[in-house]
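Each chain, written out:
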Amino acid sequence: MARMTLFHAPGSCSLGIHLLLEETGAPYAMVPVDLARGEQRGAAFLSVNPKGKVPALKLPDGSVLTEFPVIALWLARQHPEAALLPAEPDREIRVLELTEHIVSGLHMRGSVFAMRPDRFAADPAMQEVLRAHGREVLSAGQARLEEQLGGQPFLFGSFSIADAAAFYLLSWSGRTGVALTPALERYMDGLRARASARTVLAWPARPAEAG
């Protein structure tokens, strides 16, 4: 059976796509990308994704999809049996909206500054300004996520692509310096308890396929 191949860096945002692949139950292979060693900038990976970043998903026809929200939407549409998006158009739009906000807002404007201000400024004082800004963005964003949960186990009542995005983002709390509230800790505990998450978090303890 034709399978997909995920180019994945453990601990990165591609963790969420790995989770979604497990949720679909579709066959896939994994190719690790070592960001610390700069493999994302090497010729081998750039031939897959010239943008030089993960996630990148090679489809069974050999074409490649990039960008978290796009890959997540494609997986949801290709595997409706996994119910990764609500059936109702209005609710689907809200899931897509929150997914985009997590990725382009809380990740790119929050976590990146909180974890790696040195990418944007050499001056230590400016780095602290950027770090503080990132944490402020994350704190406000996490409050909105908690409000969206409203005591439910998932952001929209049942597991969706938005939860996969939140899964990777909130897993960085120890690195960003923004602690999770008790409600978000319970939410993450519930996500980690899923069979798909247990498999994802165990990788690469299991043998990895080059695909």
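All values derive from a computational prediction rather than experimental measurement.

Caption draft 1: The packing of aromatic side chains, seen in detail. For the structure shown, the criterion picks out five aromatic pairs. Taken together, a centroid distance of 5.3 Å and an interplanar angle of 50 degrees make the contact between Phe-68 and Tyr-168 tilted. Taken together, the residues Phe-68 in helix H3 (residues 68-78) and Tyr-168 in helix H6 (residues 161-170) connect sequence positions 100 residues apart. One aromatic cluster is present, built from ring pairs that chain together Phe-68, Tyr-168 and Trp-172. Geometry around Phe-159 places Arg-194 over its ring, the cationic atom sitting 4.5 Å from the centre.

Caption draft 2: Representation of the layout of surface pockets. Its volume calculated, the largest pocket comes out at about 740 Å³. By residue number, the principal contributor to the lining of the largest pocket is helix H4 (residues 89-115), which donates seven residues. When grouped by side-chain class, the residues that make up the lining of the largest pocket number 13 nonpolar, six polar and seven charged.

Caption draft 3: Just unusual backbone geometry, in detail. The omega angle of the peptide bond from Val-54 to Pro-55 is 0 degrees, so this bond is cis rather than trans. Structurally, Pro-55 is set in the loop between helix H2 (43-46) and strand E3 (56-58). Of note, Ala-83 is a non-glycine position whose phi angle comes to about 55 degrees, a positive value. Note on placement: Ala-83 falls in the loop between H3 and H4.

Caption draft 4: Region of the structure containing helix H5 (residues 124-149). With 26 residues, H5 extends 37 Å from end C-alpha to end C-alpha; this agrees with the ideal 38 Å at 1.5 Å per step. Buried residues of H5: Gln-127, Leu-130, Arg-131, Gly-134, Val-137, Leu-138, Gly-141, Gln-142, Leu-145 and Leu-149, and no others. Buried residues along H5 sit in contact with H4, H6, helix H7 (173-176) and helix H8 (182-192). At the C-terminal side of H5, Gly-150 shows a positive phi close to 55 degrees.

Caption draft 5: Spotlight on the side chain of Ser-14. Checked against the element boundaries, Ser-14 lands in helix H1 (residues 14-24). Judged by its relative accessible area of 0%, Ser-14 is buried. A polar atom in the side chain of Ser-14 sits 3.1 Å from the backbone nitrogen of Ala-9. The contact partners of Ser-14, leaving out residues within four places of it in the chain, are Leu-6, Phe-7, His-8, Ala-9, Val-54 and Pro-55.

Caption draft 6: Main features of the packing of H4 against H6. The interhelical angle for the contact between H4 and H6, taken along N-to-C directions, is 15 degrees, at an axis separation of 8 Å. Comparing their axes, H6 and H4 come out roughly parallel. Along this stretch, H4 crosses H6, giving a crossing that reads as left-handed. Here H4 contributes Val-95, Leu-96, Leu-98, Thr-99, Ile-102, Val-103, Leu-106, His-107 and Ser-111 to the contact with H6, which in turn contributes Ile-161, Ala-162, Ala-165, Ala-166, Tyr-168 and Leu-169. In terms of residue class, the contact of H4 with H6 is built from 12 nonpolar, three polar and no charged.

Caption draft 7: Representation of the sheet that holds E3 in the model. Taken in spatial order, the four strands make up an open sheet running E2-E1-E3-E4, and their pairing is mixed. Among the strands making up the open sheet, the edge pair consists of strand E2 (28-32) and strand E4 (64-66). The mean angle between the axes of side-by-side strands here comes to 20 degrees, regardless of whether they run parallel or antiparallel. Relative to E4, E3 runs antiparallel, the two being bridged by three bridges. Its bridge partner lying in E4, Leu-57 is registered against Leu-65. Contacts between H1 and the sheet are confined to strand E1 (4-8), E2 and E3, with E1 contributing the most and set at about 155 degrees to the helix. Against the sheet, H3 contacts E1, E3 and E4, and its axis sits at roughly 125 degrees relative to E4.

What counts as what
Residues numbered from 1 in each chain as written. Predicted model: local features only at pLDDT ≥ 70, side-chain atom pairs only at ≥ 80, totals over all residues. Heavy atoms only, no water. Phe/Tyr/Trp six-rings, centres within 6.5 Å; stacked < 30°, edge-to-face > 60°. Helix = DSSP H or I, 4+ residues; strand = E, 2+ residues; numbered from the N terminus. Lys NZ or Arg CZ within 6 Å of the ring centre and 35° of its normal. 1 Å grid on protein atoms, 1.4 Å probe; cavity = no way out; pocket = protein on both sides within 12 Å on 5 of 7 lines; lining within 4 Å. Points joined across faces, edges and corners; volume = space filled by probe spheres on them. Nonpolar A, V, L, I, M, F, W, Y, C, P; charged D, E, K, R; others polar. Expected span 1.5 Å × (residues − 1). Buried < 20%, exposed > 50% of the residue type's maximum accessible area, 1.4 Å probe, protein only. Contact = heavy atoms within 4.5 Å. Polar contact = N/O pair within 3.5 Å; in protein donor to acceptor, adjacent residues only side chain to side chain. Axes fitted to C-alpha atoms, helices over the stretch in contact; angles between N-to-C directions. Parallel < 35°, antiparallel > 145°, perpendicular 65-115°, else oblique. Left-handed = near helix turned anticlockwise from the far one by under 90°. Pairing = 2+ DSSP bridges.

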